[in-house]
Amino acid sequence: MTKPRPLAPPRIRILPGFRLTFGFTLFYLGLIVLIPLAAVFWKATALTPSEFWQTITQPAALASYRLTFGASFCAAVVNAVFGLIVAWVLVRYDFWGKKFVDALVDLPFALPTAVAGITLATLYSPTGWIGRLLAPLGIQAVNSQTGIFIALTFIGLPFIVRTVQPVLEDFDPELEEAAASLGANRWQVFWRVILPLLLPALLTGFTLAFARALGEYGSVIFIAGNIPMHTQITPVVIMGELDRFDYARATAIAAVMLVVSFLLLFGINGLQWWTNRFNANPAA
Amino acid sequence: MSHPATQLRPPRARHRRRPLGEPPAVRRLLIGVALAFLGLFLVLPLGFVFAQALAKGVGFYFATLHQPMTGSAIRLTLLTAGIAVPLNCVFGVMAAWAIAKFDFRGKNLLLTLIDLPFSVSPVIAGLMYVLVFGAQGWLGLYQNAAHPVFPWLAHWLNAHDVKIIFAEPGLVLATIFVTLPFVARELIPLMQAQGRTEEEAARALGASGWQTFWRVTRPNIKWGLLYGVILCNARAMGEFGAVSVVSGHIRGRTNTLPLHVEALYDDYNFTGAFAVASLLALLALVTLALKTWVEYKNARLNETV
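Here the structure is a predicted model, which means the values were calculated and not measured. (Residues numbered from 1 in each chain as written. Chains lettered and ligands numbered in written order. Predicted model: local features only at pLDDT ≥ 70, side-chain atom pairs only at ≥ 80, totals over all residues.)

(A) Layout of the overall build of chain B. Helix and strand content of chain B: 14 helices and zero strands. The secondary structure elements of chain B, listed N-terminal to C-terminal, are α-α-α-α-α-α-α-α-α-α-α-α-α-α. C-alpha atoms of chain B, sized along the principal axes, occupy 75 × 60 × 30 Å. Within chain B, buried positions represent 46% of all 305 residues. (Helix = DSSP H or I, 4+ residues; strand = E, 2+ residues; numbered from the N terminus. Buried ≥ 20, exposed ≤ 12 C-beta atoms within 10 Å, placed from the backbone.)

(B) Inspection of the overall build of chain A at higher detail. For chain A, the helix and strand inventory stands at 13 helices and zero strands. Shown N-terminal to C-terminal, the secondary structure of chain A runs as helices and strands in the order α-α-α-α-α-α-α-α-α-α-α-α-α. Per-residue burial over chain A gives 47% buried out of 284 residues.

(C) Layout of the interface of chain A and chain B. Chain A puts 86 residues into the contact, and the matching count from chain B is 85 residues. With 15 residues, the top contributor of residues to the side of chain A that touches chain B is helix α1 (residues 18-44) of chain A. The class makeup of the residues in the side of chain A that touches chain B is 61 nonpolar, 14 polar and 11 charged. (Contact = placed C-beta atoms within 7 Å. Nonpolar A, V, L, I, M, F, W, Y, C, P; charged D, E, K, R; others polar.)

(D) Structural context of the packing of helix α6 (residues 113-123) of chain A against helix α8 (residues 145-169) of chain A. All names here are of chain A. Two elements in contact, α6 and α8, have axes separated by 11 Å at closest approach and are oriented at 135°. Comparing the axis directions of α6 and α8 gives the class oblique. Viewed along their axes, α6 and α8 form a crossing whose handedness is right-handed. Contact residues: Ala116, Gly117 and Leu120 in α6; Ile150, Ala151 and Phe154 in α8. (Axes fitted to C-alpha atoms, helices over the stretch in contact; angles between N-to-C directions. Parallel < 35°, antiparallel > 145°, perpendicular 65-115°, else oblique. Left-handed = near helix turned anticlockwise from the far one by under 90°.)

(E) Structural detail: the packing of helix α10 (residues 197-204) of chain B against helix α11 (residues 209-238) of chain B. All names here are of chain B. Where α10 meets α11, the axes come as close as 10 Å, and the angle between the chain directions of the two elements is 140°. With respect to α11, the axis of α10 lies oblique. In this structure, α10 meets α11 at a crossing whose hand is right-handed. For the pair α10 and α11, contact is made by Glu198, Glu199, Ala202 and Arg203 and by Thr212, Val216 and Thr217, respectively. In terms of residue class, the contact of α10 with α11 is made up of two nonpolar, two polar and three charged.

(F) Geometry of unusual backbone geometry. Even without being a glycine, asparagine 143 of chain A presents a positive backbone phi close to 60°. Turning to its location among the elements, asparagine 143 of chain A is positioned in the loop between α7 (131-134) and α8. Phi is positive for tyrosine 268 of chain B, which is not a glycine, with a value near 65°. Counting through the fold element by element, tyrosine 268 of chain B comes out in the loop between α13 (257-266) and α14 (270-304). Overall, tyrosine 268 of chain B belongs to the exposed group, with 8 C-beta atoms counted inside 10 Å.

(G) Region of the structure containing the nonpolar core. Counting residues in each nonpolar core, the largest one holds 174 residues, and the members touching the most others are Val86 and Ile223 of chain A together with Leu127 and Ala277 of chain B. No other element matches helix α3 (residues 59-92) of chain A, which puts 15 residues into this core. Residues contacting isoleucine 223 of chain A, with those up to four places away along its chain left out, are Gly117, Leu120, Ala121, Tyr124, Val142, Gly147, Ile148, Ile150 and Ala151 of chain A. (Core = buried A, V, L, I, M, F, W, Y, C linked by C-beta atoms within 7 Å.)

(H) Region of interest: the confidence of the model for chain B. For chain B, per-residue confidence averages 89 on the pLDDT scale, and residues scoring 70 or more make up 93% of the total. Overall fold confidence (pTM) sits at 0.89, and the ipTM for the predicted complex is 0.89. (pLDDT = per-residue confidence, 0-100.)

(I) Broad picture of helix α1 (residues 24-53) of chain B. Residue and element names in this part refer to chain B. Counted at 1.5 Å a residue, the expected span for α1 with its 30 residues is 44 Å, and the 41 Å between its end C-alpha atoms agrees. Along its length, α1 reaches its greatest deviation from straightness, about 45°, at glycine 39. Every buried residue of α1 is accounted for by Ile31, Ala34, Phe37, Leu38, Phe41, Leu42, Pro45, Val49, Gln52 and Ala53. (Expected span 1.5 Å × (residues − 1). Bend = angle between axes of the 7 residues up to and from the residue.)

(J) Focus on the environment of alanine 289 of chain B. Residue placement: alanine 289 of chain B occurs in helix α14. The sequence separation of alanine 289 of chain B and phenylalanine 37 of chain B amounts to 252 residues, and the corresponding C-alpha distance is 22 Å.

(K) Up close: α13 of chain B. Counting buried residues in α13 of chain B gives eight out of 10 residues, a clear majority hidden from the surface. Tyrosine 268 of chain B lies just past α13 of chain B and shows a positive phi near 65°.

(L) Broad picture of the environment of glycine 240 of chain A. Here glycine 240 of chain A shows up in helix α12 (residues 234-243). Taking the C-alpha atoms as reference points, glycine 240 of chain A and alanine 250 of chain A, separated by 10 residues in sequence, lie 8.1 Å from one another.

Structure below.
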């Protein structure tokens, strides 16, 4: 690990502390991340392959995958649209209280999820401030899939704004001017010039919001109720197995989610690499 | 998962010319839509927490906060964050030093590993520790084994009745896991951008390793470190899913503030739940204010350089 690469000129290490810091990093990661992670895959092998397959494809689990993926996807789409508008407004326009609004965008990161959960559940309940307005329209937000979508939208809100904002700030106005001088109207400039350049950042933000929503627990459980097959997201199904002390089944479903999360993690790293390369070109 | 949303941004060259504008009507419409969306999803819930907390008057509010259960939840939350944040801080500095100041193979793999806790669902994070330290997990198997590898260790564990799950150590471990990347993620890009020349110059002039870090590196990473600590602390104090799995919900003993909020809410003591929740909402507001302040200081620092 510490040997210099072949063909590279041997580098003299002037700075001290490589062994100490590198060793401590590996030790800490091993203790906190790797050993516990290994325990998941160890426990998952406690089931026979057919038991494992039966557990991860039981109707309650399948319904929870559909719900978790569907609600996370819808929430990320809504956030992509409104997040782009918020980022645009924060970068391009001046209005009173802009700095305050900019700081407030990160609230879903800073607010504990349990607080968000009980707040949304009460706010959208039939007697709450918003639920009272929705009830006459026949929309039931609490104990329904709509509620899960609302909670996941709240949680994912900052991701798109914060990935699109820096790209939009760096945007070269000359590109827009060139397009306008060639006869494009404002909408064409946005649709054909600006949006394609924002696309990698938008996709990265979308994937980050989606990945975060998949694992979310605290903000969802209060508003979702706990209706089997209908409003149980996958983390809730895992929690249910844990409450029955059925660790093997809980672990099997957890392993499925972990694999999906890792795939998304690689996807996000790839997207970010693309974003950086993409944005390096027009700026040069 | 790298978290661009929680990163102190480097200074950027602003384009001097203003971009082409939209007609005033479109501009007003867009500002209106953005503010309405943020108002509905951010301002309204935030205001609602405080309105509900004070729904039964100031007297009830402070009575709830003075209950012994609330006090013990506050103490436990402070204790948990007080252990997890400094440990992750030390880890973050160490990892950033190794990654930014040296070349070695497998660096990208190490970076991915550091990011990993962000992409693991909190419930699964808690489950992992139950599998290692729970009664049915590795620790439990070891304690009950007929012929353990180190008999004295098994004996000692059983004699002292070491409990990690459904006790404070489990809460601390789960909190360390979910907040592990914050400081490291902040410092690694910062120290990579700063390079190695300043430290190498200090060494060449005869400074010791520690002096180099304390006098040269530390002033450079001060604001990034503070930023990471603020975010790490907010998550450590507010974590719910992971600690919910390992806590066992013993009131007055293993309930942190977010778990206490849930307990009060499940008792249909909604006003009490919101009173405790308002403490956490205040923490969130303080976090946002500190974060904005550090961003402002950092921007000014970069302007003067």
